[in-house]
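Residue-level structural notes
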Amino acid sequence: MRQTIIIAGKEFRDGLRNRWIVAISLLLALFSLSLAFLGAAPTGAVNVDPLAVTIVSLSSLSVFLLPLIALLLSYDAIVGDIDRGTMALLLAYPVTRWQVVLGKFVGHCLLLALSTVIGYGAAGFALQLTGGASPAAWQAFALLIASAVLMGAVFIAIGYLVSVLVRDRGTAGGIAIGVWLLFVLVYDMGLLAVLVADQGRMITGGVLNLLLLLNPADAFRLLNLAGTPGVASFSGLAGLAAQAHLGPPLLAVALALWVAVPLSAAMAVFSRRQI
Amino acid sequence: MTDRTIVMQGVSRRFGKLWAVRGVDLALQPGECVGLVGHNGAGKSTLIKMMLGLLRPTEGTVRVLGEDPADGKAAVRQALGYLPENLAFQPGMTGAETLAFYARLKRQAVRRNADLLDRVGLGAAARRRVGTYSKGMRQRLGLAQALLGAPRALLLDEPTTGLDPALRQSFYAILHELRGEGAAILLSTHALAELEGEVDRVIVMNSGHKLADGDIQVLRGLSGIRPRLRIRLAQPFVDPVRWQRWRTLPGGLLETSCHEADILPLLRALPDEATDVEVVRPSLDEMYATFLQTHPTCGEAPL
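My aim in this report is to walk through the structure given alongside it, one point at a time.

Conventions adopted
Residues numbered from 1 in each chain as written. Chains lettered and ligands numbered in written order. Predicted model: local features only at pLDDT ≥ 70, side-chain atom pairs only at ≥ 80, totals over all residues. Heavy atoms only, no water. Helix = DSSP H or I, 4+ residues; strand = E, 2+ residues; numbered from the N terminus. Buried < 20%, exposed > 50% of the residue type's maximum accessible area, 1.4 Å probe, protein only. Contact = heavy atoms within 4.5 Å. Areas by Shrake-Rupley, 256 points an atom, 1.4 Å probe, with all protein chains shown as cover. Lys, Arg positive; Asp, Glu negative; His and termini not counted. Charge placed at Lys NZ, Arg CZ, Asp CG, Glu CD. Pairing = 2+ DSSP bridges. Axes fitted to C-alpha atoms, helices over the stretch in contact; angles between N-to-C directions. Parallel < 35°, antiparallel > 145°, perpendicular 65-115°, else oblique. Left-handed = near helix turned anticlockwise from the far one by under 90°. Nonpolar A, V, L, I, M, F, W, Y, C, P; charged D, E, K, R; others polar. 1 Å grid on protein atoms, 1.4 Å probe; cavity = no way out; pocket = protein on both sides within 12 Å on 5 of 7 lines; lining within 4 Å. Points joined across faces, edges and corners; volume = space filled by probe spheres on them. Patch = residues over 30% accessible without salt bridge, like charges linked within 9 Å, V, L, I, M, F, W, Y side chains within 5 Å. Salt bridge = Lys/Arg side-chain N within 4 Å of Asp/Glu carboxyl O. Phe/Tyr/Trp six-rings, centres within 6.5 Å; stacked < 30°, edge-to-face > 60°. Lys NZ or Arg CZ within 6 Å of the ring centre and 35° of its normal. Arc of directions from axis to C-beta. Buried area = accessible area lost by both parts, 1.4 Å probe. Polar contact = N/O pair within 3.5 Å; in protein donor to acceptor, adjacent residues only side chain to side chain.

Attention shifts here to the overall build of chain B. In terms of helices and strands, chain B carries nine helices and 13 strands. Burial analysis of chain B (303 residues in total) assigns 51% to the buried set. The long-range fraction of contacts in chain B, counting pairs at least 24 apart against all pairs at least 6 apart in sequence, stands at 68%. Carbon together with sulfur atoms contributes 50% to the accessible area of chain B, which is approximately 13700 Å² in total. Both charge centroids of chain B, one from 38 positive and one from 33 negative side chains, sit 8 Å from each other.

The next thing to look at is the sheet that holds strand β2 (residues 18-28) of chain B. Residues and elements named next belong to chain B. If you trace the three strands from one edge of the open sheet to the other, you get β2-β1-β4, paired in antiparallel fashion. Of all strands in the sheet, those with a lone pairing partner are β2 and β4 (59-64), marking the two edges. Going across the sheet, the axis of each strand differs from the next one's by a mean of 25 degrees, ignoring polarity. As defined by bridge partners, strand β1 (residues 6-15) adjoins β2 across seven bridges and the pair is classed as antiparallel.

What follows is about the packing of helix α3 (residues 95-105) of chain B against helix α5 (residues 135-146) of chain B. Residue and element names in this part refer to chain B. Between α3 and α5, the least distance of the axes is 10 Å, while the angle of their chain directions is 25 degrees. Put simply, α3 runs roughly parallel to α5. Our pair here, α3 against α5, has a crossing hand that is right-handed. In this structure, α3 uses G95, T98, L99 and Y102 to contact α5, whose residues at the interface are L141, A144 and Q145. Tallied by class, the residues present in the contact of α3 with α5 amount to four nonpolar, three polar and no charged.

With respect to the element layout, A74 of chain B can be found in helix α2 (residues 74-78). Each C-alpha atom, one on A74 of chain B and one on K106 of chain B, is 9.1 Å from the other, the two residues being 32 residues apart in sequence.

When its volume is computed, the second largest pocket comes out at roughly 470 Å³. In terms of lining residues, the second largest pocket is bounded by 26 residues, among which E11, D14, D81 and R84 of chain A together with Q90 of chain B are the most central. Contributing elements (two or more residues each) for the lining of the second largest pocket: α1 (2-17), α4 (50-74), α5 (79-84), α6 (86-91) and α7 (97-130) of chain A together with α3 of chain B. Within the lining of the second largest pocket, the residues separate by chemical class into 13 nonpolar, six polar and seven charged.

Residue and element names in this part refer to chain A. A contiguous nonpolar patch, built from W20, F64, L72, I177, L181, L182, L185, V186 and M189 and spanning about 740 Å² of accessible area, is present on the exposed surface. Elements with a contribution of two residues or more to the nonpolar patch: α4 and α9 (169-198). Considering every element that reaches the nonpolar patch, the biggest residue donor is α9, with six residues. By secondary structure assignment, the location of I177 is in helix α9.

Take the packing of aromatic side chains next. Going through the model one piece at a time under the given rule, you end up with nine aromatic pairs over all chains. Judged by centre distance (5.5 Å) and plane angle (80 degrees), the rings of F183 of chain A and W258 of chain A are edge-to-face. With a gap of 75 residues between them, F183 of chain A in helix α9 and W258 of chain A in helix α14 (residues 248-272) connect regions that are remote in the sequence. Overall, F183 of chain A belongs to the buried group, its relative accessible area being 11%. When the ring of F171 of chain B is compared with that of Y172 of chain B, the centres are 5.3 Å apart and the planes differ by 70 degrees; the resulting orientation is edge-to-face. In this structure, F171 of chain B and Y172 of chain B share a single accessibility class: buried. Its guanidinium or amino end placed over the ring of W19 of chain B, R22 of chain B lies 4.0 Å from that ring's centre, counting from NZ or CZ.

Attention shifts here to helix α9 (residues 284-294) of chain B. For α9 of chain B, every residue scored as buried is listed here: L284, M287, Y288, T290 and F291 of chain B. The buried side chains of α9 of chain B occupy one side of the element, clustering within an arc of 160 degrees when seen end-on.

Sizing a probe to match a water molecule and rolling it over the atoms shows the empty space that remains. Enumeration over the complete set of coordinates arrives at one cavity of 30 Å³ or more. Put simply, the largest cavity is a space of about 40 Å³. Looking at the largest cavity, the residues that line it are L89, A92 and Y93 of chain A together with L80, G81, Y82, K106, Q145 and A146 of chain B. Of all elements in the fold, only β5 (80-83) and α5 of chain B reach the threshold of two or more residues within the lining of the largest cavity. Sorting elements by how many residues they give to the lining of the largest cavity places β5 of chain B first, with three residues.

Turning our attention to the interface of chain A and chain B. Contact residues are listed per partner, giving 23 residues for chain A and 29 residues for chain B. Among the residues of chain A in contact with chain B, R17, L89 and Y93 of chain A are the three that bury the most area, contributing 25% of the side total. At the surface where chain A touches chain B, the tally comes to two salt bridges. On the surface where chain A and chain B come into contact, there are 10 residue pairs in polar contact (both at pLDDT 80 or more). Broken down by element, the side of chain A that touches chain B gets its largest block of residues, eight residues, from α1 of chain A.

Structure, rendered in structure tokens:
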């Protein structure tokens, strides 16, 4: 445990030093503030909570941006250290290989969590200062940040799996981009195409639910857009929310499994890997 | 058996179809400093990685402090110091922070790090970022982390690359101190000449095989290169009949080669005309070249 915390602390500090945290926080703040003030413009006339509308926009943004950031943080984590010779050195110390993977993973998750809280929090506070937001909207906003970090953790775990499987950093980077394209763009387009072609014959509601859970980005989207009633009505997913039998706890469990499975696989592969 | 710090018996390691190390036996005693010599791909780094337990041997056994290092026992790792080849630390951290991280991992008191940094000559640069360090400074920081916790076995992979001659001397001075404290030191290099006078023993590797293992005297015997005797005469003219076994060198020197045992009789028999005498023994570089010639490379091994 102690060794894991030491490694996590180092990874976090590295992120502070090489300005990862600053860069991610600024990027997220920039996007969230633009969405908060530009995207929430129509709320005035209909007297809708601007924070609730911002959550809808931020959820869509998170689905694109956070997996990309998470994969960029993580694809190099193991293979890069092997390249630089620091992994051989680290493993010559009294640490086990799973402690190394877990420690680095925790460090990267903390990095992403802090950046997300700062970046998205900036928009929340700006809206609170300018017009005020309802407690319910704040609750949904907290859920958004928590689930965004969880989704980030999913893609960090997938990035680690990529990082332990490949021999060089370039390949890892390429595969990471491929993973991003697959889950964020290709999967949903493919699913849509299958649904249209199928016309509801083979793919029933239950199968669709399963297919949505098989993509962590979709699980995140459902959790935020359909999970909270106030938000669901603005996102146009209120109908889906009523249909889908995927409650927030189930979606959260699915995301947690999406962290646990790739991370355990990464640890298992790394424990057998030649350094 | 247990008094030896590192023992390898019949160790081989294969990567795919290539044998990086083949049938190597070696042992390191406490307080012994051994040079591991070979060109790139000779199997030096693979040997060291097996001693660290990072690689398991395909055949044979490795014991470090009586344990299999691949089991990863904390007590063994605690007692090992390692400096990898081409090590690159995180450039954003300072030297002191980098060393503090490794000290915590090794459960050593971080407050002792300042002394260690002074010892390797980095005391003044401790608060500077590693990214601003020269190659020699990074190498010394690498050495500092290897010295954490007074290791009983020190494995140094190409430790002197990037060090200027003065730093190299201070580096060997540190190694001498550690030997005095009972540490077994293995250092790999392909710069043989610098090992002369610094190590107790040299192990020569080529294509994964151990070609030679012994102190300088043993290696000289094995190499078959005879020592040479050089003399200068008061009279530059040389009688070719009288000096027939000597050949003339530029600068009025005469040279002959002989067996080690014949050196003293030859010196005693020298006439008064000889004004200057020098015994030239084969350098490590010459011996290494001879070893490689007599055991030609049978293809580069990986790592």
